[in-house]
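Tertiary structure, described
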Amino acid sequence: MGTVGSNDWFRYPATLTYEDDGITVEFIDFPGAVTCGDTEEEAFRNAKECLALAIIGAEQDGESLPAPTPISKFEQKGNRVLTLVEVYLPPYRKAVREVYVKKNLTIPKWLDDLAKEHNVNYSQILQGALRDYLGISDEQK
């Protein structure tokens, strides 16, 4: 179901809608899985990532993956065409493992004002400080 020989390869139909300002890609079997691109190359690259994230999200939520809609059931209209998007999941699964969590923090206003003046990236500073504090090297990430 959606697999192309293993649980690492998947192929699902998607529609490409061509407009003056770019190409919108929508996955028939994953409502809400939508992406776009200025060129076909960018649209297909983004489509692979979008499909991978939709599949990984379903897996993480314990949901069954839908069977791909047969191409024969698709009706082409105007500037909308059907294509198949194939994705190999291992690289995407690896990238998703590094999930970020949001943390709230409180600092004095004067320090926040000074940090803003210097375009401080709070996330980057906090991550570096935590690595230093915990003795974690970049290789251990």
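Residues numbered from 1 in each chain as written. Predicted model: local features only at pLDDT ≥ 70, side-chain atom pairs only at ≥ 80, totals over all residues. Heavy atoms only, no water.

Some words on the overall build of the chain
Helices and strands together make up the secondary structure of the chain, namely four helices and four strands. For the chain, the succession of helices and strands along the chain, N to C, is β-β-β-α-β-α-α-α. Against the globule reference of 14 Å for 141 residues, the chain gives a C-alpha radius of gyration of 21 Å, more extended than a compact globule. The dimensions of the chain, computed from C-alpha atoms along their principal axes, are 60 × 40 × 25 Å. The long-range share in the chain, meaning contacts at least 24 apart out of those at least 6 apart in sequence, stands at 55%. (Helix = DSSP H or I, 4+ residues; strand = E, 2+ residues; numbered from the N terminus. Rg over C-alpha atoms; globule rule 2.2 N^0.38 Å. Contact = heavy atoms within 4.5 Å.)

Brief notes about the pattern of salt bridges
Under the criterion given, the structure shown has six salt bridges. With its nearest N and O atoms 2.9 Å apart, the salt bridge here joins Arg93 to Glu59. Placement of Arg93 in helix α2 (residues 90-97) and of Glu59 in helix α1 (residues 40-60) is noted, with a sequence separation of 34 residues between them. (Salt bridge = Lys/Arg side-chain N within 4 Å of Asp/Glu carboxyl O.)

Brief notes about the nonpolar core
Ranked by internal contacts, the top residues of the largest apolar core, which has 21 residues, are Phe27, Phe30, Leu51 and Ile55. Those elements giving two or more residues to this core turn out to be β1 (9-19), β2 (22-27), α1 and β4 (80-88). It is α1 that contributes the most residues to this core, eight residues altogether. Among residues more than four places away in sequence, those in contact with Phe30 are Tyr12, Leu51, Ala54, Ile55, Leu65 and Pro66. (Core = buried A, V, L, I, M, F, W, Y, C linked by side-chain atoms within 4.5 Å. Buried < 20%, exposed > 50% of the residue type's maximum accessible area, 1.4 Å probe, protein only.)

Examining the environment of Lys48
On the secondary structure map, Lys48 appears in helix α1. Note on Lys48: relative accessible area 37%, which makes it partly exposed. Distance from Lys48 to Glu98, taken between C-alpha atoms, is 19 Å for residues 50 residues apart in sequence. Setting aside residues up to four positions removed in sequence, Lys48 forms contacts with Val85, Glu86, Val87 and Tyr92.

Thoughts on unusual backbone geometry
Non-glycine residue Asn119 carries a positive phi angle of around 50°. Overall, Asn119 belongs to the exposed group, its relative accessible area being 69%.

Describing the confidence of the model for the chain
Per-residue confidence for the chain gives a mean pLDDT of 88; residues scoring 70 or more make up 91%. Taken as a whole, residues 1-5 scores under 50 in pLDDT and shows 14 contacts with residues more than four places along the chain or in a different chain. (pLDDT = per-residue confidence, 0-100.)

Section: the packing of aromatic side chains
Working definition: an aromatic ring pair is given by the centre-to-centre distance plus the angle between the planes. Inspection of every chain in the model, using the stated rule, returns two aromatic pairs. When the centroid spacing of 4.7 Å and the interplanar angle of 40° are considered together, the rings of Trp9 and Tyr88 count as tilted. A residue pair is termed long-range when its members are at least 10 positions apart, and Trp9 in strand β1 and Tyr88 in strand β4 qualify at 79 residues. We classify Trp9 as partly exposed; its relative accessible area is 33%. Their ring planes at 70° and their centres at 5.0 Å tell us that Tyr12 and Phe30 sit as a pair that is edge-to-face. Residue Tyr12 is located in strand β1, and its partner Phe30 is located in the loop between β2 and β3 (34-37); the two are separated by 18 residues in the primary sequence. (Phe/Tyr/Trp six-rings, centres within 6.5 Å; stacked < 30°, edge-to-face > 60°.)

Remarks on the state of the cysteines
In the structure shown here, the tally under the stated rule is zero disulfides. With no disulfide of its own, Cys36 lies closest to Cys50 among cysteine sulfurs, the gap being 9.8 Å. (Disulfide = S-S within 2.5 Å.)

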